[in-house]
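What the coordinates show
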Amino acid sequence: MIAAWLVHLYTASMAVLAFLATRAIFEYRFRDAFAWLAAAIVIDATDGVLARAARVSRRLPWFSGAKLDDIVDYLTYVFVPAVFVWRSLLVPDAWTLPVVGTMLLSSAYGFNRADAKTSDYFFTGFPSYWNIVVFYLFVMRLAQQVNAVVLLALAVLVFVPIRYLYPTRTPKWRALTLALCIAWGVMMLAMLWRLPVVSPVLLWGSLVFPVYYVIVSLAIGRASTARP
C-alpha cells in the first residue's frame, strides 16, 4: 500500500515541477524552465513501470492514476509550454493569444478523447508534445511568424486521427525505438546544457529520432488500422 502511494506521489510531483518551470519562465530563466520540464519527462517515462511493479491498480483501485497522469501531463506538456510561448516572445505579439489559446484548447480536446491512448499503445492525433516542440523552436531561433505557423499546424493535427507510437510501450520495433529515444534524450540534455548557444551538428543530429518517430508511427499506425 505504501509503495502504491509513493508511486502516485512520484507522478504528482510533476505538478510541482510545472510550478517551478513556470516560475523560471516568469523570471526569464529559460534554461532552468526546460530543465524542470526535462525532469517531468523522466518521471512521465518511468512512473508507469513503477506503477505496474507496485501493482498500484490492484492495491488502490479507487484512486485513478490515469486521471492524475492526465492532469500533470497537461500541466507540463501543454500549459507550461504555452506560458513559455508567451513569455519568450516565440510568436508575434498579435498572434500570442490565438496561438496559445489554440494550443491549450486543442490539447484539452486531445486529452479527453476516449481513444487518446489506444489499447494497442498508440496516441490518436498529435500527442501534445508542446514542451519538445517549444524547445526546438527556441533553439532554432526561427522567425516568429514561422513559429506561429508550426504551432498552429500541430494544433490542427491534434484533431487528425493519425496514430502515433507510444515510445516506451510499442510492441513493434521496441528495442530500436527505445535505443534511439535514449540517444535522443542524451542529445537533448546536451543541448539544454549548452543553451543559449547550441552546436548545429548536435541540433540536426537530434532530429533523427523525431523524423524516425513520425515515419514509423505513420507506417505502423496505418498497418494496424488496415488490419481486419
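Located above this text is the structure these notes cover.
So, here's what we can say about the structure. No experiment lies behind these values; they were computed from the predicted model shown.

Further remarks concern the packing of aromatic side chains. Applying the stated criterion across every chain yields a total of 24 aromatic pairs. Where F84 meets F138, the ring centres are 5.4 Å apart and the plane angle is 85°; that geometry is what we call edge-to-face. Note that F84 is positioned in helix 4 (residues 65–87) and F138 in helix 6 (residues 130–140), a separation of 54 residues in sequence. Within the aromatic cluster, the residues linked to one another by ring pairs are Y77, F123, F126, Y129, W130, Y164, Y166, W184, F209, Y212 and Y213.

Below, the discussion takes up helix 7 (residues 144–157). With 14 residues, helix 7 should cover 20 Å at 1.5 Å per step; its first-to-last C-alpha distance of 20 Å lies within 8% of that length. Along helix 7, the positions that sit buried rather than exposed are N147, A148, L151, L154 and A155. Around the axis of helix 7, the buried residues are gathered within 135° of arc, so they sit on the same side. Where helix 7 is buried, its residues contact helix 4, helix 5 (96–111) and helix 6.

Further remarks concern unusual backbone geometry. Residue L195 is joined to P196 through a cis peptide bond whose omega torsion reads 10°. On the secondary structure map, P196 appears in the loop between helix 8 (174–194) and helix 9 (200–206). Even without glycine at this site, L89 takes up a positive phi of about 60°. Looking at where L89 falls in the secondary structure, it is placed in the loop between helix 4 and helix 5.

Once that is clear, we can look at the environment of I220. Within the secondary structure layout, I220 lies in helix 10 (residues 208–226). Put simply, I220 and R174 are 46 residues apart on the chain and 12 Å apart in space, counted from C-alpha to C-alpha. Sequence-distant contacts of I220, that is, excluding residues within four places in its chain, are made with F122, L165 and K172.

To continue, consider the nonpolar core. Core analysis: the biggest nonpolar cluster contains 63 residues, and F34, V85 and L151 have the highest contact counts within it. Once residues within four sequence positions are removed from consideration, V85 is found in contact with L90, V91, V99, V100, M103, V134 and L151. Core analysis: the next-biggest nonpolar cluster, separate from the first, contains five residues, A4, V7, V56 and L60 among them.

All right, on to the side chain of N147 then. Looking at the element boundaries, N147 is found in helix 7. Residue N147 is classed as buried on the basis of its relative accessible area of 2%. For N147, the side chain forms a polar contact with the main-chain oxygen of L90, separated by 2.8 Å. Aside from chain neighbours lying at most four places away, what touches N147 is L90, V91, L137 and L142.

All right, on to a nonpolar patch on the surface then. A contiguous nonpolar surface patch, about 390 Å² in accessible area, is contributed by M1, W5 and W62. You can see M1 is positioned in the segment before helix 1 (2–26). Residue M1 is classed as exposed on the basis of its relative accessible area of 52%.

This part covers the packing of helix 2 (residues 30–53) against helix 6. At their nearest, the axes of helix 2 and helix 6 sit 11 Å apart, and the two run at 150° to each other. Overall, the two elements helix 2 and helix 6 adopt an arrangement that is roughly antiparallel. When the axes of helix 2 and helix 6 are compared, the crossing they make is left-handed. For the pair formed by helix 2 and helix 6, the contact residues are F30, F34, L37 and I41 on the first element and N131, I132, V134, F135 and F138 on the second. Along the lines of polarity and charge, the residues of the contact of helix 2 with helix 6 split into eight nonpolar, one polar and no charged.

What counts as what
Once a new chain begins, its residue numbering starts again from 1 and follows that chain's sequence as written. pLDDT decides what is reported in this predicted model: residues at 70 or higher carry local features, side-chain atom pairs at 80 or more are listed and counted, and totals for whole chains, interfaces and linings draw on all residues regardless. Hydrogens and waters are ignored; side-chain quantities use all the structure's heavy atoms. Two aromatic rings from Phe, Tyr or Trp, using only the six-membered ring of Trp, form a pair when their centres are within 6.5 Å; if the ring planes differ by under 30 degrees the pair is stacked, by over 60 it is edge-to-face, and anything between is tilted. Put simply, DSSP H or I for four residues or longer makes a helix, DSSP E for two residues or longer makes a strand, and each gets a number counted from the N terminus. In this analysis, the expected span of each helix is defined as 1.5 Å times one less than the number of residues it contains. Only protein chains enter the accessibility calculation, which uses a 1.4 Å probe. A residue is then buried if its area is under 20% of the maximum for its type, exposed if over 50%, and partly exposed in between. Starting at the helix axis, one direction is taken to each C-beta atom, and the arc is that of these directions. Contacts were defined at the residue level, with two residues in contact if any of their heavy atoms lie within 4.5 Å. Nine residue types can take part in a nonpolar core, namely buried Ala, Val, Leu, Ile, Met, Phe, Trp, Tyr and Cys, and a core is a set of them joined through side-chain atoms within 4.5 Å. The term polar contact refers here to a pair of N or O atoms within 3.5 Å; inside protein, the definition further demands a hydrogen-donor-capable atom paired with an acceptor-capable atom, and it admits residues adjacent in sequence only when both atoms are side-chain atoms. Only residues whose relative accessible area exceeds 30% and that form no salt bridge are eligible for patches; like-charged ones are grouped when within 9 Å, while nonpolar side chains (Val, Leu, Ile, Met, Phe, Trp, Tyr) are grouped when within 5 Å. Note on areas: these come from Shrake-Rupley sampling with a 1.4 Å probe, and a residue is covered only by the protein chains present in the view. In what follows, salt bridge is the name for a side-chain nitrogen of Lys or Arg lying within 4 Å of a carboxyl oxygen of Asp or Glu. To get an axis, a line is fitted to the C-alpha atoms, and for a helix only the part in contact is used. The angle between two axes follows their N-to-C directions and goes from 0 to 180 degrees. Angular relationships are summarised with four words: roughly parallel below 35 degrees, roughly antiparallel beyond 145, roughly perpendicular across 65 to 115, and oblique for the angles in between. In this scheme, a crossing is called left-handed if the near helix is turned counterclockwise away from the far one by less than a right angle; it is called right-handed if the turn is clockwise. In the scheme used here, Gly and all other residues not listed as nonpolar or charged are polar, with Ala, Val, Leu, Ile, Met, Phe, Trp, Tyr, Cys and Pro taken as nonpolar and Asp, Glu, Lys and Arg as charged.

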